[in-house]
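Structural overview for review
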Amino acid sequence: MKKLMLVLMIGVLAVLTACGNSQSDNSGDKKKLVIGFGVGTYEEQFRQSILPILEKQGYSVEIKSFSQNMQVNPAMKEGSIDASIFQSTAYMEAINKEIKADMVGISYAPGAPQGLYSVNHTTLDDVKDGTTVAVPNDPVNQERALRILEELGWIKIKDGAGVADFNINSMEPDKYNIDIKILDPAQILVSLQDVDYGVVNGNYIANSDRKITDALKIENTPMEHRIIVSVNKKDENAQWAKDLKAAYESKEFEEYIHGIEKYNGFILPEAWDNN
């Protein structure tokens, strides 16, 4: 009888422990986080400013770096990371549909705009029929790049052109017959000598010896293309997600960004207006 009672007590304790752990997990009050980063300056920003803020609040954070942006969101869906900082709303929504994920943005992060750069020209006035312009090969960044050329009047984008499914057939000539060269985004900066102009993602500029303000034309980045802190929808009201959002909108982080020269020209969160 004593052995039976002992077994029953152990079983009850195990069930209570499991329930307690389940309630703790569901509460969103966990203090161990895994944050994912793709290509860009966002991991550096996090390590140098956001991480210390979270650690002061008792968080232990594992940083996961991905060599390709396309690897980050599947990791979010499967639950191996809790949040990511690398993507725009437009990109996130496209991936949500593609992989049947349910991610949301909880805050904006400082992000670098695209710009039109050249090593062969010092002015946009040199454009003519046959001018070569390099643009990114992924649909979202390609659409952004061609919007810059459209604003200049060099090309037109057809009515109804999407974002996630954008392709080169979505454009047509306007003032000039531009020769578009489609390259991997990381290759455009190092290939500028081979083209007249190139639209470069700002993160590659920030990590080089160039300045964003060196661009001959800087993108007027729409909200859907600004960088966000993203989490799975089920976590958006968790306390850790609220604390992560607050860190990105804090005066401390704002002062850090303003103190680093390479972030000059970055698009800054509007929430900082309240600091």
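Values in this document were obtained by computation on a predicted structure and should not be read as measured data.

1. Regarding the packing of aromatic side chains
- Evaluated as defined, the whole model comprises 8 aromatic pairs.
- Ring geometry for Phe 86 versus Tyr 91: centroids 6.0 Å apart, planes at 80°, classification edge-to-face.
- Phe 86 sits in the buried class, given a relative accessible area of 6%.
- Taken together, the aromatic side chains of Tyr 248, Phe 253, Tyr 256, Tyr 263, Phe 266 and Trp 272 make up a single cluster linked through ring pairs.
- Here the guanidinium or amino end of Lys 31 rests over the ring plane of Tyr 59, the centre of that ring lying 4.0 Å away.

2. Description of helix H4 (residues 89-99)
- Along H4, the positions that sit buried rather than exposed are Thr 89, Ala 90, Met 92, Ala 94, Ile 95 and Asn 96.
- Looking at the buried positions of H4, the neighbouring elements they touch are helix H3 (72-78), strand S3 (83-88), strand S4 (103-108) and strand S12 (227-232).

3. Quick look at the environment of Ile 212
- Topologically, Ile 212 is positioned in the loop between helix H7 (202-206) and strand S11 (217-218).
- Ile 212 gets classed as buried once you look at its relative accessible area, which sits at 2%.
- For the pair Ile 212 and Ala 112, spaced 100 residues apart in the sequence, the C-alpha separation amounts to 7.8 Å.
- For Ile 212, the contacting residues outside a window of four places in its chain are Ala 112, Pro 113, Tyr 117, Gly 202, Ile 205, Ile 218, Asn 264, Gly 265 and Phe 266.

4. Concerning the sheet that holds strand S5 (residues 115-117)
- Read from one edge of the open sheet, 5 strands run S9-S6-S10-S5-S11, paired in mixed fashion. Edge positions in the open sheet fall to strand S9 (179-183) and S11, since each of these has one partner strand only.
- Pairing geometry for strand S6 (residues 132-136) and strand S10 (residues 197-200), over 2 bridges, is parallel. Along S10, the bridge assignment pairs Ala 134 with Gly 198.

5. Brief notes about the side chain of Asn 141
- Residue position: Asn 141 is located in helix H5 (residues 139-151).
- Within polar-contact distance, the side chain of Asn 141 engages the side chain of Asp 138 at 3.1 Å.
- A polar side-chain atom of Asn 141 sits 3.0 Å from a polar atom in the side chain of Arg 144.
- Those residues in contact with Asn 141 that sit more than four places away from it in its chain are Gln 114, Pro 136 and Asn 201.

6. A short note on the confidence of the model for the protein chain
- Put simply, the protein chain has an average pLDDT of 89, and 90% of its residues get 70 or more.
- Contacts from residues 1-27, a stretch scored under 50 in pLDDT, to residues over four places away or in other chains number 1 contact.

7. Notes on the nonpolar core
- The biggest cluster of nonpolar side chains holds 56 residues, and the ones touching the most others in it are Ile 35, Phe 46, Val 61, Ile 85, Trp 240, Leu 244 and Tyr 248.
- Per-element accounting of this core gives the leading share, 6 residues, to helix H2 (residues 42-56).
- The next biggest cluster of nonpolar side chains, apart from the first, holds 18 residues, and it includes Leu 124, Leu 149, Ile 157 and Val 199.

8. Quick look at the side chain of Thr 131
- Position of Thr 131 among the secondary structure elements: in the loop between S5 and S6.
- Look at Thr 131 and you get buried, because its relative accessible area is 3%.
- Among the polar contacts listed, one links the side chain of Thr 131 to the backbone nitrogen of Lys 128, at a separation of 2.9 Å.
- Contact partners of Thr 131, with chain neighbours within four places excluded, come to Asp 126, Asn 177, Ile 178, Asp 179, Asp 196 and Tyr 197.

9. A closer look at the packing of H2 against helix H9 (residues 251-258)
- The contact between H2 and H9 brings their axes to 10 Å, and the two run at 155°. With respect to each other, H2 and H9 are oriented roughly antiparallel. With respect to the hand of their crossing, H2 and H9 are arranged in right-handed fashion. Contacts between H2 and H9 pair Glu 44, Gln 45, Gln 48, Ser 49, Ile 50, Ile 53 and Lys 56 from the former with Glu 252, Phe 253, Tyr 256 and Ile 257 from the latter.
- For the contact of H2 with H9, a count of residues per class yields 5 nonpolar, 3 polar and 3 charged.

10. Description of the packing of H2 against helix H8 (residues 239-248)
- At their nearest, the axes of H2 and H8 sit 10 Å apart, and the two run at 130° to each other. Between H2 and H8, the angle falls in the class oblique. The two elements H2 and H8 cross, and the hand of that crossing is right-handed. Seen from H2, the contacting residues are Phe 46, Ile 50, Ile 53 and Leu 54; seen from H8, they are Asp 243, Leu 244, Ala 247 and Tyr 248.
- Considered class by class, the residues forming the contact of H2 with H8 number 7 nonpolar, no polar and 1 charged.

11. Some words on the sheet that holds S3
- Here 5 strands make up an open sheet; going across it, the order is S2-S1-S3-S12-S4 and the pairing mixed. The outermost strands of the open sheet, each flanked by one partner alone, are strand S2 (60-65) and S4. Strand-to-strand twist in this sheet, taken as the mean axis angle between neighbours without regard to direction, amounts to 35°.
- Along the sheet face, H8 touches strand S1 (32-37), S3, S4 and S12 and points at about 35° away from the line of S4.

Here is what the cut-offs are and how they apply
- Residues numbered from 1 in each chain as written.
- Predicted model: local features only at pLDDT ≥ 70, side-chain atom pairs only at ≥ 80, totals over all residues.
- Heavy atoms only, no water.
- Phe/Tyr/Trp six-rings, centres within 6.5 Å; stacked < 30°, edge-to-face > 60°.
- Buried < 20%, exposed > 50% of the residue type's maximum accessible area, 1.4 Å probe, protein only.
- Lys NZ or Arg CZ within 6 Å of the ring centre and 35° of its normal.
- Helix = DSSP H or I, 4+ residues; strand = E, 2+ residues; numbered from the N terminus.
- Contact = heavy atoms within 4.5 Å.
- Pairing = 2+ DSSP bridges.
- Polar contact = N/O pair within 3.5 Å; in protein donor to acceptor, adjacent residues only side chain to side chain.
- pLDDT = per-residue confidence, 0-100.
- Core = buried A, V, L, I, M, F, W, Y, C linked by side-chain atoms within 4.5 Å.
- Axes fitted to C-alpha atoms, helices over the stretch in contact; angles between N-to-C directions.
- Parallel < 35°, antiparallel > 145°, perpendicular 65-115°, else oblique.
- Left-handed = near helix turned anticlockwise from the far one by under 90°.
- Nonpolar A, V, L, I, M, F, W, Y, C, P; charged D, E, K, R; others polar.

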